[in-house]
Amino acid sequence: MWSCFRAKCGWRGVAKVSGEVKAYNLRSDESLQVKEHRKISEKDLQLEPLCEELVAYFFERMISAETLRRNAVMQRKYNDQIVIAFTYRRNGTLVGCKYRAVSKKFWQERATEKIFYGLDDIKQASDIIIVEGEVDKLSMEEAGYRNCVSVPDGAPAKVSEEIPNEKEDKNFQYLWTCKEYLEKASRIILATDADPPGQALAEEIARRVGKEKCWRVKWPKKNDTDVCKDANEVLMYLGPDALRKVVENAELYPIRGLFTFSYFFHEIDAYYHRTHGFDRDVSTGWKALDELYNVVPGELTVITGVPNSGKSEWIDALLCNINESHGWKFVLCSMENKVRDHARKLLEKHIKKPFFNARYGGSHERMSVQELEEGKEWLNDTFHLIRCEDDCLPSIKWVLTLAKAAVLRHGVRGLVIDPYNELDHQRPANRTETEYVSQMLTRIKRFAQHHSCHVWFVAHPRQLQHWGGGPPNMYDISGSAHFINKCDNGIVIHRNRDEKAGPLDRVQVCIRKVRNKVIGNIGEAFLSYNRVTGQFMDIDGEDQYK
């Protein structure tokens, strides 16, 4: 034992007769353990060639005597029984030994170095197969693959949260000791067991050697219900040809965010055949727009127009049409509307009668109490509201979090955010508004795609100088050109204000951008607005396109 009392050194430790040395530095409080591994030999361990009974045991598992001989599988007497000895060698020298009783109990020689079983077989291998047990390594050899190694310690119960550094990664030291072999290999095939611990082991290895060079096998079924657990089960139940096929058909190890097209073939097939599961585009309910704009789940539509052009009214009418035709449900984040006023507008469009006997209703009959009650039930079933009840402005993150809950809890297919300038847009001082808008729209688009939910986003144009009364451009939206650049669809709603130019109930719907040519085209159409009920209706004849 020793201890250094010089200044604040604090170095102390102990050396044992076995050769193990432990040292500590009190100042850094870090263990400086230096471990010398035991030197062992076949003579010291009293290892013997396999007896006929154990050779017969392996033969039942489809492992030949030649494979056992080449891999130096031996035996040893232990507590009045004969146990199997799997010898771990580096450059032909015995480094460790693992024992297996017929009862499947395993143990290893203490204080020996942990290395792969079969390490010498992968020295110059361009492809390396990693399995979970020694018998699986022998099984791979029966199928013609000598470039295979087995881990020495089995599999963890679950994947660890973080990967420790190399010195602290005690459970996977066998990976670091043969790092040069793994780095030379162009492909590492993970053939660990099919159970959850086996899959956790595959993930732990892939994280350390690099998923980009890893492949994984898919174990076949051994009968109508059960899947083969490992390589030896495939060999025993299906034969060496089937095991070769398993290795030949190994798949790329999945990397989060990186895919091949084959991963999406089922979705492409559904898209082509328009079968169940394909998100069909739905009509707006207006014939004038059928060739210009249809609604697809998972897209973002930005809508603009000068104040008092009917943007919100048109969206409400669109939602009512889609609900009537396709049964969609929606979540509304409409900060400019009081709840009671928004309910009135929606009910008038649905019931097709005015809410009040007010000035705007003229001689039209007001909706009855019974119709009101039925309409309230429809409102409750069709729409969900996102409201900020305190004085704080809602952020886009807050809105999307609640919208996600509405999708998962109520099955909504559409989200309306109306308008942009009613949200909280605080941003760091070093971020421009253009950068902020770009990131915000990216977040909205990801929400739409991930949840197969169409998003309508209303954004007002900036103050127009020398406005001549015509519809604004999408690039006129206040804040950033990203509103038109990043959206899937861009629409301008414009209402005629000049009697000389045409009827005042004429509403111009300008489709300024359609990213997906399958669902529409750039163009314009006209609808007629019923001020009493808030409905938008098709105009007969050619006038609808003028």
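Residues numbered from 1 in each chain as written. Predicted model: local features only at pLDDT ≥ 70, side-chain atom pairs only at ≥ 80, totals over all residues. Heavy atoms only, no water.

Going by an unreviewed UniProt entry, the chain carries the name Twinkle homolog protein, chloroplastic/mitochondrial isoform X2 and comes from Elaeis guineensis var. tenera.

**Re the pattern of salt bridges**
All chains considered together, the criterion is met by 29 salt bridges. Residue Glu-365 is joined to Lys-353 by a salt bridge in which the shortest nitrogen-to-oxygen separation is 4.0 Å. Pair noted here: Glu-365 is in the loop between α12 (339–351) and α13 (369–382) and Lys-353 is in the loop between α12 and α13, with a separation of 12 residues, a long-range link. One network of salt bridges, in which partners are shared, links Arg-70, Asp-121, Lys-137, Glu-141 and Arg-146. (Salt bridge = Lys/Arg side-chain N within 4 Å of Asp/Glu carboxyl O. Helix = DSSP H or I, 4+ residues; strand = E, 2+ residues; numbered from the N terminus.)

**Some points on the sheet that holds strand β12 (residues 187–191)**
On the basis of which strands lie adjacent, the open sheet formed by five strands has the order β11-β10-β12-β13-β14 and mixed pairing. Strand pairing shows two members of the sheet lacking a second neighbour, β11 (148–150) and β14 (251–252), which therefore form its edges. Bridge analysis of strand β10 (residues 127–131) against β12 gives five bridges, and the strand direction is parallel. Of the residues in β12, the one forming a bridge with Ile-128 is Ile-188. The sheet contacts of helix α4 (residues 134–142) involve β10, β11 and β12, and relative to β11 the element is tilted by about 170°. Most of the contacts of helix α7 (residues 196–209) go to β12, to which it runs at about 165°, and overall it touches β10, β12 and β13 (214–216). (Pairing = 2+ DSSP bridges. Contact = heavy atoms within 4.5 Å. Axes fitted to C-alpha atoms, helices over the stretch in contact; angles between N-to-C directions.)

**Observations regarding the packing of aromatic side chains**
For the coordinates displayed, the defined rule picks out 22 aromatic pairs. An angle of 80° between the planes, with centres 5.8 Å apart, marks the rings of Phe-86 and Tyr-117 as edge-to-face. With a gap of 31 residues between them, Phe-86 in strand β7 (residues 81–90) and Tyr-117 in the loop between β9 (106–108) and β10 connect regions that are remote in the sequence. The burial state of Phe-86 is the same as that of Tyr-117; both residues are buried. (Phe/Tyr/Trp six-rings, centres within 6.5 Å; stacked < 30°, edge-to-face > 60°. Buried < 20%, exposed > 50% of the residue type's maximum accessible area, 1.4 Å probe, protein only.)

**Overview of the nonpolar core**
Membership of the largest hydrophobic core comes to 57 residues, with the highest contact counts inside it found for Phe-58 and Met-140. In terms of residue count, the dominant contributor to this core is α7 (five residues). Each residue touching Phe-58, except ones within four places of it in the same chain, is listed here: Leu-50, Ile-63, Leu-68, Val-73, Ile-84, Phe-86, Val-135 and Leu-138. Formed by 41 residues, the second largest nonpolar core is a distinct cluster that contains Ala-288, Ile-315, Ile-322 and Ala-525. (Core = buried A, V, L, I, M, F, W, Y, C linked by side-chain atoms within 4.5 Å.)

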